[in-house]
Amino acid sequence: MQWRSLDELADKPEFKQWLHREFPQGASEMNNDWSRRSFLTLMGASMALAGLAGCRRPEQKIVPYVKPPEEVVPGNPEYFATSMPFGTSAYGLIVESHEGRPTKIEGNPAHPSTLGASNAWIQASILGLYDPDRSKRVMREGQESRWDDFVTFWREHSAKYQSNRGEGLAVLSQSFSSPTLARLRREFLERYPNARWVAYDPVGGENIHEGMMLATGYAYQPTYDLSRAEVILSLDSDFLLTEIESIANSRKFVDGRRLKSEQDAMNRLYVLETAFTSTGASADHRLAVSYRQVGLFAVALARALAANGLTDLKVEGEIPLHGEVRQWVEPVAEDLLRAGSKGVVVAGYGQPPEVHALAYAINFALTSVGDCMYLSRPAASTAGGPGRLKDLVSDIDGGKVSTLIMLGGNPIYNAPSDSGFVEAFDKVENKVHLSGYNDNTSRRATWHIPRAHYLESWGDAFSYSGTRGVIQPLIAPLFDGVSDAELLNLIATGENKSGYDIVRDTRDTSGTGDPEVNWRSALHEGVYGQPFHIPANNIIKVNLARETADVIVSNYRVEDKGSLDVAFRLSPSVYDGRFANIGWLQELPHPMTKLTWDNAALISPKTAEQQDVKNGDMVKMSYKGRELEMPVWILPGMADNTVVLELGYGQENLGGVADGVGFNTYTLRTSDAMYYGTGLTMTKTGKTYPLASTQDHGSMEGRPHVREATLEEYRREPDFAPHAVHHPPLVSMWEDHKYDKGYQWGMAIDLTSCVGCNACTIACQSENNIPIVGKDQVLNGREMHWIRVDRYFTGDIEQPSAVHQPVACQHCEMAPCEQVCPVAATMHDDEGLNTMVYNRCIGTRYCSNNCPYKVRRFNFFNFTKDTPEVTKMVNNPDVTVRSRGVMEKCTYCVQRINRVRIKAKLEDREILDGEVVPACQQACPTQAIVFGNVIDPESRVSKVKQRNRNYDLLAELNVRPRTSYLAKVRNPNPKMPGND
């Protein structure tokens, strides 16, 4: 049985009431408590506006595009390569621009970190460029100033630091991987050798780097080629979603699972994790365990491998593993030994350095280092953790810092609560903060400098693999922003140079050949140079396994009775808070909880029963003398006696959508518990809090939706007959549509490949000008996403498995929506698209009522009427911006079809297979979505639909959808517990 929520599983009355209404409670009414006067006022205004619009046209003066630049063809988009810096890595991108206005972001196929795909953060970053709440002015002591004033100030102020070699000067930066910033950092420290440089990120790769230092003596960067792996073990690593290289990891992981027939081989994924993640949902075997048990399992695994011949992994002593975790050790060890160099262990960013070092020791012993795992040594990489931040605070308290330069970040908001940074901050005489927002830190700084968005900056960055990418601006700074390189260059050299010249100074000192030719090539391709992997021969310390195992076991503490563990995690929506002011991401349903516009204290059903709480109950959490009140959310598959808190919410002073949204979990975080702690207590307050979750929206009333089987079952019965719906022969009431033009567009989605990352949802929102509606409207069931990614659980509520299914308009051949529209607003075109004629729609919503998939969205309000002018620049000019009162839904990106059709017509040819790529397909990191002409037998989509895993959703209704699904297949180990 598949279920979305605990209410559905229990078949509670609340769920039934939600399900059986024609529309969800609140979604079918304007407002339940409106007075007659309010109603008549609204309608009177509406009628008056309608009359005005009918009798006269608005007159406005416009300026014609008389002399356009020769290289610009109005109406035709241009594409530019750039990179998005992201901590110690970078994503290579291709950005679409309309007359100098970037509107859409895609992955760069030539870049190893994106491979032509993207994720939700990349897609949504375009909205961050046009955020009207971004900082617009240089501020000094809270008063408006100018960049030139700061340049003058620094040149005068820096004289004393030149004379004392930088004594009293400090820089606090975020993590970066930019060769230019690395060069400027060296120049800064050469000019000011007594100065301090500290890097800090609230969530970074410090544990990974420290672990590699323990293992090899150098902070190598591990990367993985999971396409070569046969057996993968994840130690609390969400490598398919929240780890930095998630796009490349997802693509290569799924490459090892693609099934063209039942004879194909398939990799196997084991996951031990504390929270339920997208990686756990994709696992063949998943076990919810406490944070501390993850490291102990790695120790026990090393011992089991040593007993079977990998003697370098020998460990000694008692290992306090829990029973269910212990049962995993032998079968997982046996599977890894069988795979040999094709077996790989991946540790999560939050695991301690010793676990990362032990994972490397296991990979080295399996000889997978150099096969499935690689080590890179980027020429520029700076990562920071809480230890060095505390050292900086100590220097401030000691009067050793008189000027502090902060390159990004918001440490007043996200520094560990025990670091003392907040208290020490005001002791610094001159505080300079470069930030995209006038946030908590900027408001207390002496100087606030607006930070330029990466789409309006010059720069460069290395990816994890060592590939170097160029960052070039797509638009001039909208708000007089300054880049990191421009500010740091001024600080380091005293020169006020342009970002272009600064980056060229770095680029021209490297490489061979003509510098100008190399530079133009880099701008065109977006990347230059080749990834460099360190040879794996003997890169490991002696006795590594034993020493790290001893530390892991010695750090284990018996659980305190009456207290809970706490785990801090990145948010799949707002990351560590840097994307909090992007409304698209706030409204994006969490891939597992389906919450929007909030974070919550995530607990297991068993823990909820022990604490006597239910969803939305407010609790007071106390940890090391700190307290926080927030609501709880019960998530099946969570580790018991553990509270998982996602970071990045509860911000203030951004001036936008993020203010007051969610709860600031950084207030409970301490320097020695950055990712995990024990001793938290929870007390029920008696209050409740409304949480907007979409997990029961669009329910199909228990009808079959996801078909799944094991690889063994698939090989035994390739047609999935046991999982199919049996029905009598279906006869249509109408004649089939004729397709004389030679095109019938359709789509296929492989559920084995889908990891539930939500990239398709945000890509669709960006491409099709879909508005956000806000938390109140989501609570009423009125979210506007054209693609929803359903999440279903199966199995026991304590240790369930999960599957994701993207659902959009199915473009039915016999579409039930078309038959009931009284004004023919929804209709079939001659290429099979189920289209919407917005001018005709009168808002009866009969089509939505008649849609069995519940994929149509009614625009209840004019969500775009108050959109700031700068935000309107993000809109795709090829797609209508809808007002209120019309039905919206997926169009298979008809604008992209038309663009290719025009091109093909001009070239007097047919549209080629694969030439039309809808936004969801282009963004998908796993290539789970295939689109094309289904009546072309040679098209890829036709061949995919011929596979024996292909099925139609609700086929028994005979609506004949042209979006079909390939059933999900897992590859469990028959020797694992429960698979006897």
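Residues numbered from 1 in each chain as written. Predicted model: local features only at pLDDT ≥ 70, side-chain atom pairs only at ≥ 80, totals over all residues. Heavy atoms only, no water.

Draft legend 1. Main features of the packing of aromatic side chains. Across all of its chains, the model carries 31 aromatic pairs by this definition. Centre to centre, the rings of Tyr-270 and Trp-328 are 6.0 Å apart; their planes meet at 70°, and the pair counts as edge-to-face. Of the two residues, Tyr-270 sits in strand E11 (residues 268-273) while Trp-328 sits in helix H12 (residues 323-339), which places them 58 residues apart along the sequence. By relative accessible area, which is 0% here, Tyr-270 ends up buried. Here Trp-328 falls in the buried class, since its relative accessible area comes to 5%. Look at Tyr-360 and Phe-364: their rings are 6.0 Å apart centre to centre, the planes differ by 40°, and that puts the pair in the tilted class. Of the two residues, Tyr-360 and Phe-364 are both situated in helix H13 (residues 353-366); the distance of 4 residues between them amounts to about one turn of the helix. Judged by its relative accessible area of 1%, Tyr-360 falls in the buried class. When the ring centre of Phe-479 is taken as reference, the NZ or CZ atom of Lys-136 above it lies at 4.8 Å. The positively charged end of Arg-286 is found above the aromatic ring belonging to Phe-276, 3.7 Å away from the centroid. (Phe/Tyr/Trp six-rings, centres within 6.5 Å; stacked < 30°, edge-to-face > 60°. Helix = DSSP H or I, 4+ residues; strand = E, 2+ residues; numbered from the N terminus. Buried < 20%, exposed > 50% of the residue type's maximum accessible area, 1.4 Å probe, protein only. Lys NZ or Arg CZ within 6 Å of the ring centre and 35° of its normal.)

Draft legend 2. View of H13. The end-to-end C-alpha distance of H13, which contains 14 residues, comes to 20 Å, matching closely the 20 Å that a straight helix rising 1.5 Å per residue would cover. Among the 14 residues that make up H13, 13 are buried, leaving the element largely enclosed by the rest of the structure. Looking at the residues trailing H13, positive phi occurs at Thr-367, about 65°. (Expected span 1.5 Å × (residues − 1).)

Draft legend 3. Up close: the pairing of strand E4 (residues 101-107). A large share of E4 lies buried, amounting to 7 of its 7 residues. The antiparallel hairpin formed by strand E3 (residues 89-98) and E4 contains 2 residues in its connecting segment, where Glu-99 sits at a positive phi of about 50°. (Pairing = 2+ DSSP bridges.)

Draft legend 4. Region of interest: the sheet that holds strand E2 (residues 78-86). Taken together, 3 strands build an open sheet; the order of strands is E2-E3-E4 and the sheet is antiparallel. Each edge of the open sheet carries a strand with a single partner, namely E2 and E4. Strand-to-strand, the axes of this sheet are offset by a mean angle of 35°, without reference to chain direction. Examined bridge by bridge, E2 and E3 share 9 bridges and lie antiparallel to one another. Within E3, the position partnered with Ser-83 by the bridge is Gly-92. (Axes fitted to C-alpha atoms, helices over the stretch in contact; angles between N-to-C directions.)

Draft legend 5. Broad picture of the environment of Pro-690. Within the secondary structure layout, Pro-690 lies in the loop between strand E27 (676-688) and strand E28 (692-693). The contact partners of Pro-690, leaving out residues within four places of it in the chain, are Asp-598, Lys-775 and Leu-779. (Contact = heavy atoms within 4.5 Å.)

Draft legend 6. Region of the structure containing the packing of helix H4 (residues 120-129) against helix H25 (residues 759-767). Axis separation between H4 and H25 bottoms out at 8 Å; the angle between their running directions is 20°. Considering their axes alone, H4 and H25 lie roughly parallel with respect to each other. Crossing angle aside, the handedness with which H4 passes H25 is left-handed. Residue-level inspection shows Ala-120, Gln-123, Ala-124 and Ile-126 of H4 in contact with H25, the latter providing Ala-759, Ile-762, Ala-763 and Ser-766. Here the residues of the contact of H4 with H25 sort into 6 nonpolar, 2 polar and no charged. (Parallel < 35°, antiparallel > 145°, perpendicular 65-115°, else oblique. Left-handed = near helix turned anticlockwise from the far one by under 90°. Nonpolar A, V, L, I, M, F, W, Y, C, P; charged D, E, K, R; others polar.)

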